[in-house]
Amino acid sequence: MDETAGVARLRCSAVLFDLDGVLVDSHPTIERILREWAIANAVDPDVAVAESQGRRDVDLVALVAPHLNAEEGARELIAREAADFDGIRALPGAAELLAALPPGSWTVVTSGARAVARGRLAAAGLPVPEDFVAAEDVADGKPDPECYLRGARLLGADPADCLVVEDAEAGLLAARAAGMRAIAVDKGAVGPRVLGEGRIDDLRQLAVEAAETGGSGFVVKTAR
């Protein structure tokens, strides 16, 4: 990583994006759905919301609703999520950054279900990658590195050449465990305590440029 006058320049060959809170603004929708589900299942809605970030639905249900069958509870929650995309929108800078990246150099690595991720990307007007990593693709969710390692394999990239963009502490820990560099998206609330190679407010603070002559991959620049 090169740093000049507060600008970090990270050469990479692939970028792996978390979805919710990074590419799409879905948190109000997620909170509404979680509260409705929690109330219907005798779960404290505040706890369900607080524990949800960066977790797969099956892991969340197991944590906050031990009286439920985790798989069945997750299926119910996913069904609610896959039927409700009201309020979903692209976050600032997302469309522009994805358009600037070389074709085939990025994908999504999400703790959400595949159908939910596809629906949220479409609702936000963002491109849906040909293949991406979703909750059902891994045995263990974040902070386990399996999801990001799988994402690197999808793109044919060495983990050391990947850059992760995350807003959840569990995701940043997963990136670190996978041997990848990471950018933390912090919207000014209680941001992730685990820092990566940079911290940004949103994707408008990232830019893409070609690598130096003879170099491989591309460069992502970040500045606050």
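The structure this text deals with has already been given above.
Let me sum up the structure you'll find in this document. (Residues numbered from 1 in each chain as written. Predicted model: local features only at pLDDT ≥ 70, side-chain atom pairs only at ≥ 80, totals over all residues. Heavy atoms only, no water.)

Here we come to the nonpolar core. One finds V15, F17, L23, L126, V165 and L203 to be the most contacted residues of the largest nonpolar core, which totals 31 residues. Beyond its immediate chain neighbours, meaning those up to four positions away, L126 contacts L23, V24, A90, A94, A95, L98 and L121. Within the second largest apolar cluster, 18 residues are counted, among which are V138, Y148, A178 and A182. (Core = buried A, V, L, I, M, F, W, Y, C linked by side-chain atoms within 4.5 Å. Buried < 20%, exposed > 50% of the residue type's maximum accessible area, 1.4 Å probe, protein only. Contact = heavy atoms within 4.5 Å.)

What follows covers the pattern of salt bridges. What the rule picks out here adds up to 16 salt bridges. The residue R32 makes a salt bridge to D84 at a minimum N-O spacing of 2.4 Å. Pair noted here: R32 is in helix α1 (residues 27-40) and D84 is in the loop between α4 (70-82) and β5 (89-90), with a separation of 52 residues, a long-range link. Note that D59 and R56 form a salt bridge whose closest N and O atoms lie 2.8 Å from each other. Residues participating in the shared-partner salt-bridge network are R9, E209 and K221. (Salt bridge = Lys/Arg side-chain N within 4 Å of Asp/Glu carboxyl O. Helix = DSSP H or I, 4+ residues; strand = E, 2+ residues; numbered from the N terminus.)

At a minimum axis distance of 10 Å, the contact between α1 and α4 shows a crossing angle of 140°. When the axes of α1 and α4 are compared, the pair comes out oblique. In this structure, α1 meets α4 at a crossing whose hand is right-handed. For the pair α1 and α4, contact is made by I33, L34, E36, W37 and A40 and by G73, E76, L77, R80 and E81, respectively. For the contact of α1 with α4, the residue count by class is 5 nonpolar, 1 polar and 4 charged. (Axes fitted to C-alpha atoms, helices over the stretch in contact; angles between N-to-C directions. Parallel < 35°, antiparallel > 145°, perpendicular 65-115°, else oblique. Left-handed = near helix turned anticlockwise from the far one by under 90°. Nonpolar A, V, L, I, M, F, W, Y, C, P; charged D, E, K, R; others polar.)

Here we come to the packing of helix α3 (residues 57-64) against α4. It is the contact of α3 with α4, at a shortest axis distance of 8 Å, that shows an interaxial angle of 125°. With respect to α4, the axis of α3 lies oblique. Here α3 runs over α4; the crossing is right-handed. Contacts between α3 and α4 involve D57, V58, L60, V61 and A62 from the former and A70, E71, G73, A74, L77, I78 and E81 from the latter. Split by residue class, the contact of α3 with α4 holds 8 nonpolar, 1 polar and 3 charged.

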